[in-house]
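Examining the three-dimensional arrangement
What follows is the residue order along each chain.
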Amino acid sequence: LIDDYADEWGLHLVHHQRWKVSARDNNAGSRLAREYRFQLGPLQPLMARWFSARQTRRLPYLFSVAPEGFAISGLPKRRQPPSHDGFPATHALLEDSFLRLTSLLNTVLAERPYVLGARFTLADAALYGQLAMNLADPSTARDLQARTPTLYRWLTTLHCGKPTQADVLEPLHVDAALKPLLAEIARIHLPLMQQNAAAHQRLKAEGRRRFNEAAFNAGQALYSGVLDGQPFRSVVKSFQTRSWRDCCARWALLQPEVQAQVAQLMPSSDAFGASP
């Protein structure tokens, strides 16, 4: 579940942090161009500008929609986070969610070396895999270091070397310490997955077969929803529907007593039985 959340929602958070919050000082375009320097030669600067403009242009597809008239002083037009006709602004939604997630992880990791205890697991790999992207984005990296120093040290430690493991294979700890993190997942991830799956089912019944970024670029397969009390508009993503169905199938395989244990930590877990 944590892996799915990091993959399907965490990507939106870190992409927004890079191309909006760190828009003034991130150098992702230059870094990518430098990796292709032998192929590009003197075209390196053009590649850097093209990639930065492309990623900024994709922000609304990845859930980041600027308010109408939004502008960051000093940035060229191609780097300005865009609004999108008919789409509610989502900057505050993404930034509030990022603040909550990073603060929650800072608290969990102050108590134990990894999210589920003494062992590095898929949960750590998923969260690190997203959040560590922002270590290269100066504005966001400074914010993490100042506001969530434990999380920042955890990310930089994993970035610089192999994770340490307990000498003895200790049991995982799906305990009360995770309750706030699971509540955050229930607050954002579960309703997003449910709304996307319901829209996918409805549009397929209408004969629609084009989804994801190609549909978004064509203004097709769009739906409206609400997350954390804030309206949004997005394109149906068929891969999210598959991910949600897999998650619900895993839930259905759990023994009733295990489901009951999870429900104590995550009261919204009944959503897993509501897959279209």
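Conventions adopted
- Residues numbered from 1 in each chain as written.
- Predicted model: local features only at pLDDT ≥ 70, side-chain atom pairs only at ≥ 80, totals over all residues.
- Heavy atoms only, no water.
- Axes fitted to C-alpha atoms, helices over the stretch in contact; angles between N-to-C directions.
- Helix = DSSP H or I, 4+ residues; strand = E, 2+ residues; numbered from the N terminus.
- Left-handed = near helix turned anticlockwise from the far one by under 90°.
- Contact = heavy atoms within 4.5 Å.
- Nonpolar A, V, L, I, M, F, W, Y, C, P; charged D, E, K, R; others polar.
- Polar contact = N/O pair within 3.5 Å; in protein donor to acceptor, adjacent residues only side chain to side chain.
- 1 Å grid on protein atoms, 1.4 Å probe; cavity = no way out; pocket = protein on both sides within 12 Å on 5 of 7 lines; lining within 4 Å.
- Points joined across faces, edges and corners; volume = space filled by probe spheres on them.

Looking now at the packing of helix H9 (residues 179-205) against helix H11 (residues 238-253). Axis separation between H9 and H11 bottoms out at 9 Å; the angle between their running directions is 115 degrees. The crossing of H9 and H11 is left-handed. For the pair H9 and H11, the contacting residues are Leu190, Leu192, Met193, Gln194, Asn196, Ala197 and His200 in the first and Ser238, Gln240, Thr241, Trp244 and Arg245 in the second. Residues that form the contact of H9 with H11 fall into these classes: five nonpolar, six polar and one charged.

Next up on the list: the side chain of glutamine 240. Counting through the fold element by element, glutamine 240 comes out in helix H11. Polar contacts involving the side chain of glutamine 240 include one to the side chain of glutamate 8, which spans 3.4 Å. What glutamine 240 contacts, discounting residues up to four positions off in sequence, is Glu8, His12, Leu192, Met193 and Asn196.

Attention shifts here to the layout of surface pockets. One number sums up the size of the largest pocket: a volume of about 710 Å³. Taken together, 22 residues line the largest pocket, and the ones lying closest to its centre are Leu1, Ile2, Val174, Leu182 and Val262. Where the lining of the largest pocket is concerned, the elements lending two or more residues are helix H1 (2-21), helix H6 (122-131), H11 and helix H12 (256-265). Tallied by class, the residues present in the lining of the largest pocket amount to 17 nonpolar, two polar and three charged.

These figures come from the coordinates and say nothing about function on their own.
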